[in-house]
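# Fold and contact review
Given next are the chains, with one letter for each unit.
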Amino acid sequence: MKLTRERIIDAGMAEFAESGYHGLSMRKVAQRLDAQAGSLYYHVPNKSALIQLMADRVARRAYEAGTAALGALDPAADWRDRVQAQLVTLRESIRLHPGGAVMLADSPKVLSSGALSLMERLLETLHDAGIPAGHAAIGADALLSHVTGFVLQEQSQSPAVAISAEEAAALHARFPLTVAAASAFTEDDKFARAVQLLCAGLATLTEPAPQ
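What counts and what doesn't
Residues numbered from 1 in each chain as written. Predicted model: local features only at pLDDT ≥ 70, side-chain atom pairs only at ≥ 80, totals over all residues. Heavy atoms only, no water. Helix = DSSP H or I, 4+ residues; strand = E, 2+ residues; numbered from the N terminus. Buried < 20%, exposed > 50% of the residue type's maximum accessible area, 1.4 Å probe, protein only. Contact = heavy atoms within 4.5 Å. Lys, Arg positive; Asp, Glu negative; His and termini not counted. Charge placed at Lys NZ, Arg CZ, Asp CG, Glu CD. Phe/Tyr/Trp six-rings, centres within 6.5 Å; stacked < 30°, edge-to-face > 60°. Lys NZ or Arg CZ within 6 Å of the ring centre and 35° of its normal. Salt bridge = Lys/Arg side-chain N within 4 Å of Asp/Glu carboxyl O. pLDDT = per-residue confidence, 0-100. Core = buried A, V, L, I, M, F, W, Y, C linked by side-chain atoms within 4.5 Å. Axes fitted to C-alpha atoms, helices over the stretch in contact; angles between N-to-C directions. Parallel < 35°, antiparallel > 145°, perpendicular 65-115°, else oblique. Left-handed = near helix turned anticlockwise from the far one by under 90°. Patch = residues over 30% accessible without salt bridge, like charges linked within 9 Å, V, L, I, M, F, W, Y side chains within 5 Å. Areas by Shrake-Rupley, 256 points an atom, 1.4 Å probe, with all protein chains shown as cover. Expected span 1.5 Å × (residues − 1). Bend = angle between axes of the 7 residues up to and from the residue.

Glancing now at the overall build of the protein. A tally of helices and strands in the protein yields 11 helices and zero strands. Mapped in sequence order, the helices and strands of the protein form the string α-α-α-α-α-α-α-α-α-α-α. Considering only C-alpha atoms, the protein reaches an extent of 65 × 55 × 30 Å along its principal axes. Across the 211 residues that make up the protein, the buried fraction comes to 37%. Counting only contacts in the protein whose residues sit at least 6 apart along the sequence, the fraction spanning at least 24 positions is 70%. Here the protein contributes 19 positive and 23 negative side-chain charges, whose respective centroids are spaced 7 Å apart.

As C-alpha cells, this is what we get:
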C-alpha cells in the first residue's frame, strides 16, 4: 500500500499503545508498515512530529464528539451541563485509543492544536459562567487532568490481585470506608460525580456579569 501520513499515524498509535513514549521509534513504525525508516521522513520529519500528529488526531476527534454533544443539549442547559458534555465525550474519545490518555496529557508539551482547541473551548465555557480568568485556567486544567487521570487508570494493564475471602474480609474490617466507597458507584457514576464536584467548587467563584 502507498505510504501516507495517515498510515504512519495509524502505525505510530499502534506502536505507542504497545511500547509507550520511550519505546516508540521511527524504525519500529516503519517495520509495522513493512517500509524503510528513511521513507517515513518524507511524510513525518521525526518522532516528535509523529507524536504531535498522534495527539492531534485523538484531540480533534474528541473535539468533534464534544461539538456534537454540545449541539444535542437542551437550550436551557447551563454551563455545568456544557462542561459535563465536553468531558464525557472526551473520556469516551480517548478511551478508544490505547495510550490515548498519555497522548492527551502530553499534548500541551507537543503543541497539539487539537488539544489546545479542547482547552480553549472549556475555558470559554468557564469564562461565560462568570468564573474569573485565573480560577478558570486552574479549573480547566483540573477538569482535563481528571479526564486523563481517570482514563489512565481505566487503561492500566496491571492485572487485578486475587485475594481470598478471608483477606477480603480483613481489608473490609480495616478499611471499611474505602472499601464501601470503591463499590458504591459504577465507573461512569464516579467520573460524572467527580466532574459535578469540581464544577460545584468552581461555581462558588463565579462573578456576576457586568451590567
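There is more to say after this.
With that settled, the discussion passes to the packing of aromatic side chains. Under the criterion given, the structure shown has one aromatic pair. Here Phe150 and Phe191 contribute two aromatic rings whose centre-to-centre distance is 5.3 Å and whose plane-to-plane angle is 70°, an arrangement assigned as edge-to-face. Of this pair, Phe150 sits in helix α8 (residues 133-154) while Phe191 sits in helix α11 (residues 187-203), and the two are 41 residues apart along the sequence. The pair Phe150 / Phe191 is uniform in exposure class, with both members buried. One residue, Lys47, lies across the ring of Tyr21, its end atom 4.2 Å from the ring centre. Positioned above the aromatic ring of Phe191 is the side chain of Arg91, whose terminal nitrogen or guanidinium carbon lies 5.1 Å from the ring centre.

Here we take up the pattern of salt bridges. Going through the model one piece at a time under the given rule, you end up with 10 salt bridges. For Arg57, the salt bridge identified is with Glu6, shortest N-O distance 2.7 Å. Here Arg57 is found in helix α4 (residues 47-71), whereas its partner Glu6 is found in helix α1 (residues 5-23), with 51 residues between them in sequence. A relative accessible area of 45% places Glu6 in the partly exposed class.

Reading predicted coordinates in detail is not appropriate for stretches of low pLDDT. Of the residues in the protein, 94% reach a pLDDT of 70 or more, and the chain-wide mean stands at 88. The lowest-confidence element of the protein is helix α6 (residues 100-106), averaging 78 in pLDDT; the highest-confidence one is helix α5 (residues 79-95), averaging 95.

So, about the nonpolar core. Considering soluble globular proteins, one finds that nonpolar side chains tend to be buried as a cluster. In terms of nonpolar packing, the biggest core is built from 49 residues, with Trp79, Val83, Leu87, Leu90 and Leu126 touching the most fellow members. Of all the secondary structure elements, the ones that give two or more residues to this core are α1, α2 (26-32), α4, α5, α6, α7 (113-128), α8 and α11. Here the element with the most residues in this core is α4; it accounts for nine residues. Leu126 has contacts with Trp79, Val83, Ile131, Ala136, Gly139, Ala140, Leu143 and Leu202, leaving out every residue within four places of it along the chain.

Closest axis-to-axis distance for the α5/α11 pair is 10 Å, and the angle between their directions is 140°. Considered as vectors, α5 and α11 are oriented oblique to each other. Considering how the two elements wind past one another, α5 and α11 form a crossing that is right-handed. For the pair α5 and α11, contact is made by Trp79, Arg80, Val83, Gln84, Leu87, Val88, Arg91 and Arg95 and by Glu187, Asp188, Phe191, Ala192, Val195, Gln196, Cys199, Leu202 and Ala203, respectively.

What follows concerns a nonpolar patch on the surface. A surface patch of nonpolar side chains, about 380 Å² in accessible area, is lined by Val161, Ile163, Leu171 and Phe175. Tracing the sequence through the fold places Val161 in the loop between α8 and α9 (165-174).

Bringing unusual backbone geometry into the picture now. One non-glycine residue, Asp34, adopts positive backbone phi at about 55°. Turning to its location among the elements, Asp34 is positioned in the loop between α2 and α3 (37-40). Looking at Asp34, the relative accessible area reads 74%, which means it is exposed.

Once that is clear, we can look at α1. Taking 1.5 Å per residue as the helical rise, α1 with its 19 residues ought to reach 27 Å, whereas the 20 Å between its terminal C-alpha atoms falls clearly short. Along α1, the largest kink reaches about 90° and is centred on Ala17. Buried within α1 we find Ile8, Ile9, Ala11, Gly12, Met13, Glu15, Phe16 and Gly23. Each element contacted by the buried residues of α1 is listed here: α2, α3, α4 and α6.

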